[in-house]
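Structure at a glance
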Amino acid sequence: MRHGEVENPTGVLYGRLPGFHLSALGVRMAERVAQHLTGRDITVVVASPLERAQETAAPIAAAHDLPVGTDARLVEAANVFQGKTFGVGDGALRRPGNWRHLRNPFRPSWGEPYVQQAARMRDALDAARDAARGHEAVLVSHQLPVWVLRCQVEHRKLWHDPRSRECTLASLTSFLFEGDDLVAVTYAEPAADLLPAHLRAGARPVKGAKGFGA
């Protein structure tokens, strides 16, 4: 699961920075997904150590009388632009100081390599599979690591246009195993009706939109 919306009025790329919590809407998203998962055979709930992921996991864990575990392998991708604004229409691509970080989009040169993200996420996925064997687990992470993991298991290229990611706020990317074998990947958006219009499928990026980070 990707976490819900975050309170981020200044529109910074918050990355791994502490102190970024769910907004009121983000809390509603988390509660919606918890309702969606009512009746599921969930025996493990694990989240990234970042506050927004822990807070998203909390209502799911509570609904199943479980603790929220923490797995650092689910954390957001490292990014050199963390703490800065770097969005549509803010001129970031025109700043010479940023150019050296943008030289290789295939690695990428601005942050944690895609292959590294995919490897740690797969390790976390396999650990949750083993912990919940015969049942279901919920892992709460962040958009880019979830999407890169999906690309890896579906044998896609890891480098991509960020606009092509099918991993919206509070979405569920589900990995089905038979024994140790991954046999299917599915995707759902239980909180789709709560999404701001510019984040819905097919919407164009909005200049100056804030508070909708990874």
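Conventions and cut-offs
- Residues numbered from 1 in each chain as written.
- Predicted model: local features only at pLDDT ≥ 70, side-chain atom pairs only at ≥ 80, totals over all residues.
- Heavy atoms only, no water.
- Phe/Tyr/Trp six-rings, centres within 6.5 Å; stacked < 30°, edge-to-face > 60°.
- Lys NZ or Arg CZ within 6 Å of the ring centre and 35° of its normal.
- Pairing = 2+ DSSP bridges.
- Helix = DSSP H or I, 4+ residues; strand = E, 2+ residues; numbered from the N terminus.
- pLDDT = per-residue confidence, 0-100.
- Contact = heavy atoms within 4.5 Å.
- Axes fitted to C-alpha atoms, helices over the stretch in contact; angles between N-to-C directions.
- Left-handed = near helix turned anticlockwise from the far one by under 90°.
- Nonpolar A, V, L, I, M, F, W, Y, C, P; charged D, E, K, R; others polar.
- Expected span 1.5 Å × (residues − 1).
- Bend = angle between axes of the 7 residues up to and from the residue.
- Buried < 20%, exposed > 50% of the residue type's maximum accessible area, 1.4 Å probe, protein only.
- Parallel < 35°, antiparallel > 145°, perpendicular 65-115°, else oblique.

This part is about the packing of aromatic side chains. This model, assessed by the stated rule, comprises one aromatic pair. Above the plane of the ring of F177 lies R129, whose end atom (NZ or CZ) is 5.2 Å from the centre.

Turning our eyes to something else, we now look at the sheet that holds strand β1 (residues 42–47). Reading across the sheet, the three strands line up as β2-β1-β3 and stay open at both edges, with parallel pairing between neighbours. The sheet is open, and its two edges are formed by β2 (69–70) and β3 (136–140), each paired on a single side. Inspection of the sheet shows β1 paired to β3 by five bridges, in the parallel sense. Across the sheet, residue A47 finds its bridge partner in β3, namely V140.

Right, let's talk about the confidence of the model for the protein for a bit. Detailed reading of predicted coordinates is not advised where the pLDDT is low. Mean pLDDT over the protein stands at 88; residues scoring 70 or higher make up 83%. Counting contacts from residues 206–212, a segment whose pLDDT is below 50, to residues more than four positions away or on other chains yields 21 contacts.

Moving on: the packing of helix α1 (residues 24–36) against helix α2 (residues 51–63). The interhelical angle for the contact between α1 and α2, taken along N-to-C directions, is 35°, at an axis separation of 8 Å. In the packing of α1 onto α2, the handedness of the crossing is right-handed. Each of A30, E31, V33 and A34 in α1 lies in contact with α2, whose residues at this interface are E55, T56, P59 and I60. Split by residue class, the contact of α1 with α2 holds five nonpolar, one polar and two charged.

Once that is clear, we can look at the side chain of T56. Relative to the assigned elements, T56 resides in helix α2. In this structure T56 touches M1, R2, H3, G4, L22, A30 and V140, once residues within four positions along its chain are discounted.

Here α2 spans 19 Å end to end across 13 residues, near enough to the 18 Å set by a 1.5 Å rise per residue. Residue A57 marks the point of greatest curvature in α2, where the axis turns by about 30°; the proline P59 follows within four residues. For α2, the complete set of buried residues consists of R52, A53, T56, A57, I60 and A61. Residues of α2 that are buried in the fold lie against α1, β1 and β3. The first or second residue beyond α2 is D65, which carries a positive phi of 55°.

Next up on the list: the environment of E178. Within the secondary structure, E178 sits in strand β4 (residues 172–178). Among the residues examined, E178 registers a relative accessible area of 55% and is labelled exposed. Note: C-alpha distance between E178 and G134 (44 residues apart in sequence) is 9.1 Å.

With that settled, consider the packing of helix α4 (residues 114–131) against helix α5 (residues 143–153). For the pair α4 and α5, interaxial distance at closest approach is 8 Å and the crossing angle is 85°. Considered as vectors, α4 and α5 are oriented roughly perpendicular to each other. Taking contact as the criterion, the partners of Y114, Q117, A118, R120, M121, R122 and L125 in α4 are, on α5, L144, P145, V146, V148, L149, Q152 and V153. Grouping the constituent residues of the contact of α4 with α5 by class yields ten nonpolar, two polar and two charged.

This paragraph deals with the pairing of strand β5 (residues 181–188). Here β4 pairs with β5 via seven bridges, running antiparallel. Its bridge partner lying in β5, S174 is registered against T186. Two successive antiparallel strands, β4 and β5, enclose a turn made up of two residues, where G179 displays a positive phi of approximately 65°.

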